[in-house]
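The chain contents come next:
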Amino acid sequence: MKLPIVAYGDPILRKKAEEIDEDYPNLKQIIDDMFETMYAARGVGLAAPQVGLPIRLFVIDASPFAEDDEDGEGDPSLKDFKKVLINPIILEETGDKWAFSEGCLSIPDINEEVLRPSEVLINYLDEDFEEQEVKLSGLAARIVQHEYDHIEGKLFIDKLGPLKKAMLKGRLESISKGAVRVGYKMRFPNLKKKR
């Protein structure tokens, strides 16, 4: 089932998410619904707070980045990079910081260059609650860092400078009020009800 994606301005996006255990209700269904929602919105990652759940869970499928883009640059290592991360903990972020244009399904139509370390070591539970530890680099690391920020109550726009944030203020307010066109279902925190 496709779930509505929570738009910028909703307090859940600013809340640190809670750990869960294997008994969390309907977890398998939630994971399936999150993948379906992410694919329908043409995303490569989706965190539980983005669908209104304050839990430490996110799903990613970076395979779209494996295919060549207009520049003929794809990353074949991302072809099968599909994961469910439950209760993840970033153990370390290393490597040179590099810029990449990031966007977010909760903040449609805004893409900005964000600097992040190039490598990440992360510990998490997979969908079978088996512990995993993996070191990622490049786009795989970036996607994980972006989604991890969501479960920490942070957004990619928090990493922008004060001038850029000021320039985006009006657009962000418009998004929170539902004044944006998207090809997927969203829930807007400041949408005025029509009488």
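Colleague: Before we go on, may I ask you to explain the environment of glutamate 102 in this structure?
Modeller: Relative to the elements of secondary structure, glutamate 102 occurs in strand β4 (residues 82-104). Residues glutamate 102 and glutamate 112 lie 10 residues apart in sequence; the distance between their C-alpha atoms is 5.5 Å. When sequence neighbours within four positions are dropped, the list of residues in contact with glutamate 102 reads Ile110, Asn111, Glu112, Val114, Arg116, Arg142, His146 and Phe156. Within the structure, the side chain of glutamate 102 is placed 2.7 Å from the side chain of arginine 116, a separation counted as a polar contact.

Colleague: I tried to follow unusual backbone geometry on my own but got confused; where do I start?
Modeller: Residues apart from glycine generally show negative phi values, whereas peptide bonds are mostly found in trans. A positive phi angle is found at aspartate 109, which is not glycine, with a value near 70°. Residue placement: aspartate 109 occurs in strand β5 (residues 107-125). Its identity is not glycine, yet phenylalanine 129 carries a phi of approximately 60°, on the positive side. With respect to the helices and strands, phenylalanine 129 occurs in the loop between β5 and β6 (131-137).

Colleague: Help me out: how do you make sense of the nonpolar core in this one?
Modeller: Within soluble globular proteins, side chains that are nonpolar tend to cluster in buried spots. Ranked by internal contacts, the top residues of the largest apolar core, which has 40 residues, are Leu57, Ile86 and Ile107. Take this core: its biggest share by element is 6 residues, from helix α1 (residues 27-40). Not counting residues within four places of it along the chain, the set of residues in contact with leucine 57 comprises Leu27, Ile30, Ile31, Met34, Ala47, Ala48, Val84, Leu85, Ile86 and Ile151. Counting residues in each nonpolar core, the second largest holds 21 residues, with Ala47, Ala140, Ala141 and Tyr148 among its members.

Colleague: Before we go on, may I ask you to explain the pattern of salt bridges in this structure?
Modeller: Side chains that carry opposite charge are capable of pairing whenever their charged atoms lie near each other. Taken as a whole, this structure holds 14 salt bridges when the rule is applied. With its nearest N and O atoms 3.9 Å apart, the salt bridge here joins glutamate 119 to lysine 135. Placement of the pair is glutamate 119 in strand β5 and lysine 135 in strand β6, with a sequence separation of 16 residues. Glutamate 119 gets classed as partly exposed once you look at its relative accessible area, which sits at 28%. Its relative accessible area of 48% is what places lysine 135 among the partly exposed residues. Each member of the salt-bridge network shares a partner with another, and the members are Glu102, Arg116, Arg142, Asp149 and Lys159.

Colleague: I'm lost on the sheet that holds strand β2 (residues 45-47) in this one. Help?
Modeller: What holds strands together in a sheet is hydrogen bonding between their backbones, with the strands either parallel or antiparallel. Taken in spatial order, the 5 strands line up as β2-β3-β4-β5-β6 in an open sheet, and their pairing is antiparallel. Pairing within the sheet leaves two strands with one partner each, and these edge strands are β2 and β6. Strand after strand, the sheet turns through a mean of 45° between neighbouring axes, direction not considered. In this sheet, β4 lies alongside strand β3 (residues 57-61) in antiparallel orientation, the contact comprising 5 bridges. Considered in β4, the bridge of leucine 57 is made with isoleucine 86. In the packing of helix α2 (residues 138-151) onto the sheet, contacts are made with β2, β3, β4, β5 and β6, and the angle to β4 comes to roughly 115°.

How each quantity is defined
- Residues numbered from 1 in each chain as written.
- Predicted model: local features only at pLDDT ≥ 70, side-chain atom pairs only at ≥ 80, totals over all residues.
- Heavy atoms only, no water.
- Helix = DSSP H or I, 4+ residues; strand = E, 2+ residues; numbered from the N terminus.
- Contact = heavy atoms within 4.5 Å.
- Polar contact = N/O pair within 3.5 Å; in protein donor to acceptor, adjacent residues only side chain to side chain.
- Core = buried A, V, L, I, M, F, W, Y, C linked by side-chain atoms within 4.5 Å.
- Buried < 20%, exposed > 50% of the residue type's maximum accessible area, 1.4 Å probe, protein only.
- Salt bridge = Lys/Arg side-chain N within 4 Å of Asp/Glu carboxyl O.
- Pairing = 2+ DSSP bridges.
- Axes fitted to C-alpha atoms, helices over the stretch in contact; angles between N-to-C directions.

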